[in-house]
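A look at the structure
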Amino acid sequence: MNKILSLASLFIFMAATSALACTNLIVGKKASTTGAVMCTYSADSYGHFAQLNFIPAAKHQPGDMYEIYDYDSNEHRGSIPEVAETYNVVGHINEHKVSIMETTFGGRHEVELDSCGLIDYGSLMYLGLMRAKTAREAIKVMTTLAETYGYASEGESFSVCDADEAWILEMISQGHGSKKVVWVAQRIPDDAISGHANQARIRQVNLKDKENVMMSKECIKFARKMGWFDGKDAEFSFADTYAPADFSARRICDARVWSFFNHHVKGMDKWFPWAEGKQKDAEPMPLWFIPDHKVSLQDIQADMRDHFENTPFAIDVANGDPGKGIYDMPYRPTPLYFEHNGQKLFNERPISTQQASFSIISELRADLPREIGSLLWWGNDDGNMVAYTPLFGCITKAPKPYNTPDADDATFSMDNAFWVCNWVSNMVYPRYSMLFPELKAVRDSIDNSLAQDMPKFQAKAMERLNSNHDNGVEFITNYSCQKADEMMVAWKKLAEKIIVKYNDMAVKKEENGTYKRTKHGWIVPVDRPGYSEETKKAIANYGDRYHVPAE
C-alpha cells in the first residue's frame with residue numbers, strides 16, 4: 001500500500017516535466033573535489049506542483065505486476081511483470097548509489113509522438129532506479145524494457161550515474177505506429193564534466209569501444225532506412241540525425257550547458273558562436289570538457305543558480321535590458337518566444353528559472369557506505385531561490401515538507417515546502433534587487449552550515465551503522481527529516497520578515513536584528529529607496545512628462 005501511494009504522488013508533478021525545460025549537469029568522479037560523481041536536475045515545469053518521490057524497497061511474488069501510468073497525462077497504459085526485488089528510491093537516487101535524471105529533446109517530428117509503445121520516459125527512470133545497482137545495469141534495464149514493450153515518449157536524454165561512472169543515454173521512438181526504439185549511450189570520462197539541456201548531445205562515438213559506448217542494433221540502420229544518414233557508420237551522429245540543432249536548440253538549450261562549462265573551462269569563447277545560435281556553420285560544442293579545477297558541491301550548487309552572469313547572455317545586471325524591470329530581475333516571463341508588430345522575439349533561458357518545480361544534486365561517493373554514499377540534495381523550487389536539503393538513499397520515510405498528503409497544485413499548505421518556497425520566491429522575483437539579499441543570506445547560511453556539519457554527521461552515521469545497522473538507518477532518516485523541518489522553519493521566518501520589513505516597497509530600519517523604534521515605541525520612519533540610478537536616467541529621458549517645471 002505504501003508503494004502504491006508513493007507512486008501515485010508522482011503523477012501529480014511529472015505531468016509537466018516533459019516540456020522542453022529541464023537541465024542536467026554532470027561531474028565525473030576524478031573531476032570532483034571529493035571523488036563523488038555528481039549530477040543535477042532542474043525540473044522546470046511552469047508552475048506545476050512537485051512532491052518528493054519516495055518508493056520503499058520491496059519483495060514481489062511471481063505474478064505481481066507493475067502498473068504503467070503515463071507521467072504526462074496520468075493515463076493508465078498497461079502493466080509489466082514485477083521483478084523479485086526492488087530497491088529504495090528517494091527522488092532520483094536509490095539506496096545503491098544510482099541516480100537517473102532527464103531532459104527532453106523532442107527530436108524529429110516524424111517520429112516523436114507517433115508510437116504505440118507502452119513505457120514512457122518517467123516510468124523508465126523509476127524502473128531503472130527500482131531495479132538496478134549500477135549505472136550500466138540501469139541502462140540495460142531501461143533499454144531492455146523500451147525494446148521489449150515499446151517507448152512512449154518524445155526524444156529523451158537521460159543522465160545515468162553511479163558512484164563510479166557517469167553516462168548519458170539518448171533515446172527516441174521509431175514512430176510510425178511502431179513499438180521500436182533507437183538509442184545510444186556514452187560514458188563520460190571520469191575526469192570530465194558534461195551536461196544536457198533539452199537538446200541531444202551525443203554525436204560521433206567510437207563503436208569499437210564497447211567499454212564506454214552502447215548503441216541499439218537498429219540505431220544506424222533505421223536512420224539509413226529513413227534517408228536521414230548515408231555515410232560510414234563511424235561518421236554517424238545521433239544528435240545530428242535524430243535531433244538536428246536549430247536556433248532554439250542552440251540558444252535556448254545548449255547555451256545553458258555552455259554557461260556551465262564556462263564556469264570551469266578556459267577558452268569557451270571558441271564555442272560561443274554555437275551557443276549563440278546565429279552562425280549556421282558554427283562548430284558544435286563537444287559533449288564533455290576536462291575542467292581547469294576540480295568541482296566541489298558548492299561549485300555545482302552555484303552552477304544551478306546561473307543566470308549567464310558575466311557573459312554576453314547575462315540578464316542579471318543593469319545592462320539596459322527592459323525585461324529586468326526596475327528591480328533588476330534576472331528572470332523573464334514565459335513563453336520563451338513572443339511576437340510584437342510582426343517581429344518574432346525571444347527571452348534568454350538560463351539554468352536558473354522561475355518555473356522550476358525542484359532543483360536537485362545527486363552526490364554519489366564510492367568511499368562511503370551506500371547508506372550515506374548515496375545522497376540527494378533537494379530543493380523544492382528554482383535552485384537560486386532555495387537551500388538544498390540532504391536526503392539519503394536509505395531513508396525509510398519521506399520528510400513531510402517534501403511529501404505532504406494534503407497539498408497539491410491547487411491546494412496551498414503551510415506544511416509543504418513547494419508552496420512555502422514558492423511563496424517566498426514569488427515575493428522576491430518582482431522586487432529582486434531589494435529582496436533577494438535577504439533570501440540569499442538565509443539560503444547561504446543553511447548551505448554553509450550543512451557543508452560544515454556533513455563530515456561530522458557522516459562520521460556519527462558510520463559509527464551507528466557499524467554498531468547497529470537499523471539504528472544507523474533510523475539516525476540517517478531522522479537527520480534528513482530534521483534538516484527538511486529546519487529549512488521550513490527558516491523559510492517561514494524569511495516570508496514573515498519580507499512582508500514586514502519591505503511592506504509597500506518601503507524598508508523598515510533594523511539594528512542588531514530588531515526593528516528600530518522611537519522612545520515612545522513606534523517604528524521609526526521607514527526608508528524609501530525609490531528607483532535605481534539607471535531607472536531614474538530612463539525616466540529622465542522619457543520626454544518631459546515627469547520633469548518638474550521650473551518655478
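Each remark here, short or long, concerns the structure printed above.
Below or above, wherever it landed, is the structure these notes cover. (Residues numbered from 1 in each chain as written. Predicted model: local features only at pLDDT ≥ 70, side-chain atom pairs only at ≥ 80, totals over all residues. Heavy atoms only, no water.)

**Things to note about helix H10 (residues 417–428)**
The terminal C-alpha atoms of H10, which comprises twelve residues, lie 16 Å apart, in line with the 16 Å expected from a rise of 1.5 Å per residue. Most of H10 is tucked away: ten of the twelve residues are buried. The complete set of buried residues in H10 reads Ala 417, Phe 418, Trp 419, Val 420, Cys 421, Asn 422, Val 424, Ser 425, Met 427 and Val 428. Residue Asn 416 occupies the N-cap position of H10, its side-chain oxygen lying 3.1 Å from the main-chain nitrogen of Phe 418. (Helix = DSSP H or I, 4+ residues; strand = E, 2+ residues; numbered from the N terminus. Expected span 1.5 Å × (residues − 1). Buried < 20%, exposed > 50% of the residue type's maximum accessible area, 1.4 Å probe, protein only. Polar contact = N/O pair within 3.5 Å; in protein donor to acceptor, adjacent residues only side chain to side chain.)

**Overview of the packing of H10 against helix H12 (residues 469–501)**
The interhelical angle for the contact between H10 and H12, taken along N-to-C directions, is 30°, at an axis separation of 10 Å. Judged by the inter-axis angle, H10 sits roughly parallel to H12. Crossing angle aside, the handedness with which H10 passes H12 is left-handed. Between H10 and H12, the contacting residues are Ala 417, Val 420, Cys 421, Trp 423, Val 424, Met 427 and Val 428 on the first element and Met 487, Met 488, Trp 491, Lys 492, Leu 494, Ala 495 and Ile 498 on the second. Partitioned by chemical class, the residues of the contact of H10 with H12 number 13 nonpolar, no polar and one charged. (Axes fitted to C-alpha atoms, helices over the stretch in contact; angles between N-to-C directions. Parallel < 35°, antiparallel > 145°, perpendicular 65-115°, else oblique. Left-handed = near helix turned anticlockwise from the far one by under 90°. Contact = heavy atoms within 4.5 Å. Nonpolar A, V, L, I, M, F, W, Y, C, P; charged D, E, K, R; others polar.)

**Some words on unusual backbone geometry**
Along the chain, Thr 334 connects to Pro 335 via a cis peptide bond; the corresponding omega equals 5°. Here Pro 335 shows up in the loop between helix H8 (297–303) and strand E17 (337–340). Even without being a glycine, Met 505 presents a positive backbone phi close to 70°. For Met 505, the location among the structural elements is in the loop between H12 and strand E22 (510–511).

**Topic: the sheet that holds strand E2 (residues 37–44)**
Pairing between sheet strands relies on hydrogen bonds along the backbone, with the strands arranged either parallel or antiparallel. The strand order across the open sheet built from seven strands is E16-E14-E1-E2-E19-E20-E21, with neighbouring strands paired in antiparallel fashion. Each edge of the sheet is formed by a strand with only one pairing partner; in this case those strands are strand E16 (288–289) and strand E21 (389–392). Pairing between strand E1 (residues 24–27) and strand E14 (residues 193–196): four bridges, direction antiparallel. When the bridges of E14 are listed, Val 27 appears paired with Ile 193. On top of the sheet, helix H11 (residues 432–467) reaches strand E20 (374–379) and E21; it is set at about 30° to E21, its chief contact. (Pairing = 2+ DSSP bridges.)

**With respect to H12**
Relative to the 48 Å expected for 33 residues at 1.5 Å per residue, H12 spans 48 Å between its end C-alpha atoms, a close match to the ideal helical length. With a side-chain oxygen positioned 3.2 Å from the backbone nitrogen of Asp 470, the residue opening H12 is Asn 468.

**Concerning the environment of Asp 408**
Mapping Asp 408 onto the fold places it in the loop between E21 and H10. Separated by 220 residues in sequence, Asp 408 and Ile 188 have C-alpha atoms that sit 37 Å apart. Residues contacting Asp 408, with those up to four places away along its chain left out, are Phe 49 and Trp 419. Here the side chain of Asp 408 touches Ala 410 through a polar contact of 2.9 Å, landing on its backbone nitrogen. Reaching out from Asp 408, the side chain makes a polar contact with the side chain of Thr 411 at a distance of 2.8 Å.

**Considering the packing of aromatic side chains**
Pairs of aromatic rings are described using the distance from one ring centre to the other and the angle between the two planes. Evaluated as defined, the whole model comprises 32 aromatic pairs. A centroid spacing of 6.4 Å and a plane angle of 85° characterise the contact between Phe 105 and Phe 238, whose relative ring orientation is edge-to-face. Taken as a pair, Phe 105 in strand E10 (residues 99–106) and Phe 238 in helix H5 (residues 238–242) lie far apart in primary sequence, 133 residues in all. Accessibility assignment for this pair places Phe 105 and Phe 238 in one class, buried. Through a chain of ring-to-ring contacts, three or more aromatic side chains come together here, namely Phe 105, Phe 222, Trp 228, Phe 229, Phe 236, Phe 238 and Tyr 242. Just above the ring of Tyr 337 sits the side chain of Lys 344; from NZ or CZ to the centre is 5.0 Å. Here the guanidinium or amino end of Arg 464 rests over the ring plane of Phe 475, the centre of that ring lying 4.3 Å away. (Phe/Tyr/Trp six-rings, centres within 6.5 Å; stacked < 30°, edge-to-face > 60°. Lys NZ or Arg CZ within 6 Å of the ring centre and 35° of its normal.)

**Regarding the side chain of Ser 359**
Its location among the elements puts Ser 359 in strand E19 (residues 356–364). Within polar-contact distance, the side chain of Ser 359 engages the side chain of Tyr 388 at 2.6 Å. When residues no more than four places from it in sequence are discounted, the contact partners of Ser 359 are Tyr 41, Ser 42, Met 304, Trp 377, Trp 378, Gly 379, Asp 381, Asp 382, Gly 383 and Tyr 388.

Keep in mind these numbers describe shape, not what the thing actually does.
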